[in-house]
Amino acid sequence: IFMKIRDAHKFSDRVVDILREERIKQGVSQYQIALHCDISKSALSYIEKHERRPTLYTLAIIASYLNIKLSDLIRLAENTNEQYISSVSYTHLTLP
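What you see is a predicted model; the values in this text were computed from it and never measured.

## Comments concerning helix H2 (residues 30-37)
Part 1: Within H2 the residues assigned to the buried category are Gln30, Ile33, Ala34 and Cys37. Buried residues of H2 fall within an arc of 100 degrees about the axis and therefore sit on the same side. Relative to its buried face, H2 has exposed residues pointing more than 90 degrees away, namely Tyr31 and Leu35.
Part 2: The elements touched by buried residues of H2 are helix H1 (5-25), helix H3 (41-48) and helix H4 (56-65).
Part 3: Once H2 finishes, Asp38 follows within two positions and takes phi at roughly 60 degrees, a positive value.

## Description of the nonpolar core
Part 1: The biggest cluster of nonpolar side chains holds 17 residues, and the ones touching the most others in it are Val15, Leu19, Ile33, Ile62, Leu66, Ile68 and Leu73.
Part 2: Mapped by element, the contributors of at least two residues to this core are H1, H2, H4 and helix H5 (70-78).

## A look at the packing of H2 against H3
Each packed pair of helices is defined by two parameters, the angle between the axes and the distance between the axes.
Part 1: H3 packs onto H2 with a crossing angle of 110 degrees between their chain directions and a minimal axis gap of 8 Å. The angle between the axes of H2 and H3 places the two elements in the roughly perpendicular class. Note on packing geometry: the crossing formed by H2 with H3 is right-handed. Contacts between H2 and H3 involve Gln30, Tyr31, Ile33 and Ala34 from the first element and Lys41, Leu44, Ser45 and Glu48 from the second.
Part 2: Here the residues of the contact of H2 with H3 sort into four nonpolar, two polar and two charged.

## As for the environment of Ala34
Part 1: Counting through the fold element by element, Ala34 comes out in helix H2.
Part 2: With a relative accessible area of 3%, Ala34 lands in the buried category.
Part 3: The spacing of Ala34 and Thr58 is 24 residues in sequence and 9.9 Å in space, taken between C-alpha atoms.
Part 4: Each residue touching Ala34, except ones within four places of it in the same chain, is listed here: Ile39, Ser40, Lys41 and Leu44.

Cut-offs used in this document
- Residues numbered from 1 in each chain as written.
- Predicted model: local features only at pLDDT ≥ 70, side-chain atom pairs only at ≥ 80, totals over all residues.
- Heavy atoms only, no water.
- Buried < 20%, exposed > 50% of the residue type's maximum accessible area, 1.4 Å probe, protein only.
- Helix = DSSP H or I, 4+ residues; strand = E, 2+ residues; numbered from the N terminus.
- Arc of directions from axis to C-beta.
- Contact = heavy atoms within 4.5 Å.
- Core = buried A, V, L, I, M, F, W, Y, C linked by side-chain atoms within 4.5 Å.
- Axes fitted to C-alpha atoms, helices over the stretch in contact; angles between N-to-C directions.
- Parallel < 35°, antiparallel > 145°, perpendicular 65-115°, else oblique.
- Left-handed = near helix turned anticlockwise from the far one by under 90°.
- Nonpolar A, V, L, I, M, F, W, Y, C, P; charged D, E, K, R; others polar.

This is the structure:
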């Protein structure tokens, strides 16, 4: 299945939104994530504001730090819409 660039950006944004929500829910600061991932806090801020696109490596280490399986993160982002993102419990990553 071919994904248009706009759809790919929306998908990437959903993945980042899920990670950001989980980071906040767990009480983890941007600084803690940045330190663990060996990126600057400002780079993480740009990613969370959708001003930069994270690499797969960056997504994987952020997800790992938050105890989220990357495959679950991707699956959740694939099966969700904007309203669902704000209401789902990411701690348990309940998939639809």
